[in-house]
Structure formats: C-alpha cells, structure tokens
Amino acid sequence: QVHLVESGGGLVQPGGSLRLSCAASGRAFSNYTVAWFRQTPGQEREFVAAIKWSGDRTYYSDSVKGRFTISRDNAKNTVYVQMNSLKPEDTAVYYCAADVIWVGLRRSMYDYWGQGTQVTVSS
C-alpha cells in the first residue's frame, strides 16, 4: 500500500504561482511513477504531469507544458509540481497518483490516489 497526501492548494491570481506537494508513506515509494491529475465538476479526471521513479523522465500534458514542472525527492518521499503562469482554466481539484508503470495517462492506470487539493485561479 502507498498512502498519498496532497497539500499546497489555494487561491491565486491569474499569472501567479503555486507549488503542490504529494507526500507518500508506505511501501517502496521510490519504485513508483507519480502523476498529477486534475478534475473540475462534471468533467473527467485529466492527466497533468508524471515523473518516473528515478526522476530522470517526466511527461506533461500540452495544456501545462512550459508552465508546470514536476519533481521528486525520494529521500523525503515527496513529489512536487511547481505551477507558474496560472490561468483561470487551471482551476480544479488536483490529485496525485502512484503506480509502477511508465507512463499512464488515464485514471484507471493508477492504483493509489490522494484525497485532492483545491486550486482556484481567480482575480
């Protein structure tokens, strides 16, 4: 089992930045790919970014490429996503997810999920 807890969400103005954290506990976190997804009411959960267990490969959706940066610190069992140049359309609940595969772009491909953290981009 891997237990994931997200933090760092909040309200930010358009053009601003936030850093989300995903803290993990449980078995062999450093063996897992970790991804961030986001979801708005009535919509499917959307892939945002992923990082391989080794930290040497990352993958981003086109909608966030160049604005978001995913990273991980396996010594701290934590994955981060730095979100810059935020737009109102980035408003969503953000979830982190973990699995051994590289790289899953669909919700169904991840076994472990956090509870989510709300990000609101508004003036």
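Anything mentioned here points back to the structure above.
So, how was this worked out
Residues numbered from 1 in each chain as written. Predicted model: local features only at pLDDT ≥ 70, side-chain atom pairs only at ≥ 80, totals over all residues. Heavy atoms only, no water. Pairing = 2+ DSSP bridges. Helix = DSSP H or I, 4+ residues; strand = E, 2+ residues; numbered from the N terminus. Salt bridge = Lys/Arg side-chain N within 4 Å of Asp/Glu carboxyl O. Buried < 20%, exposed > 50% of the residue type's maximum accessible area, 1.4 Å probe, protein only. Polar contact = N/O pair within 3.5 Å; in protein donor to acceptor, adjacent residues only side chain to side chain. Contact = heavy atoms within 4.5 Å.

A. Highlighting the pairing of strand β3 (residues 18–26). Summarising the sheet, strand β1 (residues 2–7) and β3 pair through six bridges and their orientation is antiparallel. What sits directly across from Val-2, in β3, is Gly-26. As paired strands, β3 and strand β8 (residues 78–83) are joined by six bridges and run antiparallel to one another. What sits directly across from Leu-18, in β8, is Met-83.

B. Quick peek at the pattern of salt bridges. In this structure the tally under the stated criterion is four salt bridges. Asp-62 is paired through a salt bridge with Lys-65; the nearest N and O atoms lie 3.3 Å apart. There is no split in this pair, since Asp-62 and Lys-65 are both exposed. What you see here is one network of salt bridges that share partners, running through Arg-38, Glu-46, Arg-67 and Asp-90.

C. The side chain of Thr-33, seen in detail. Of note, Thr-33 is situated in strand β4 (residues 33–39). Taking the relative accessible area as the measure of exposure, Thr-33 reaches 1% and is therefore buried. Engagement of the side chain of Thr-33 in a polar contact is seen with the backbone oxygen of Ile-101, the distance being 2.7 Å. Discounting residues that sit within four places of it in the chain, Thr-33 has contacts with Ala-50, Ile-51, Lys-52, Trp-53, Arg-72, Ala-97, Ala-98, Asp-99, Val-100, Ile-101, Trp-102 and Tyr-110.

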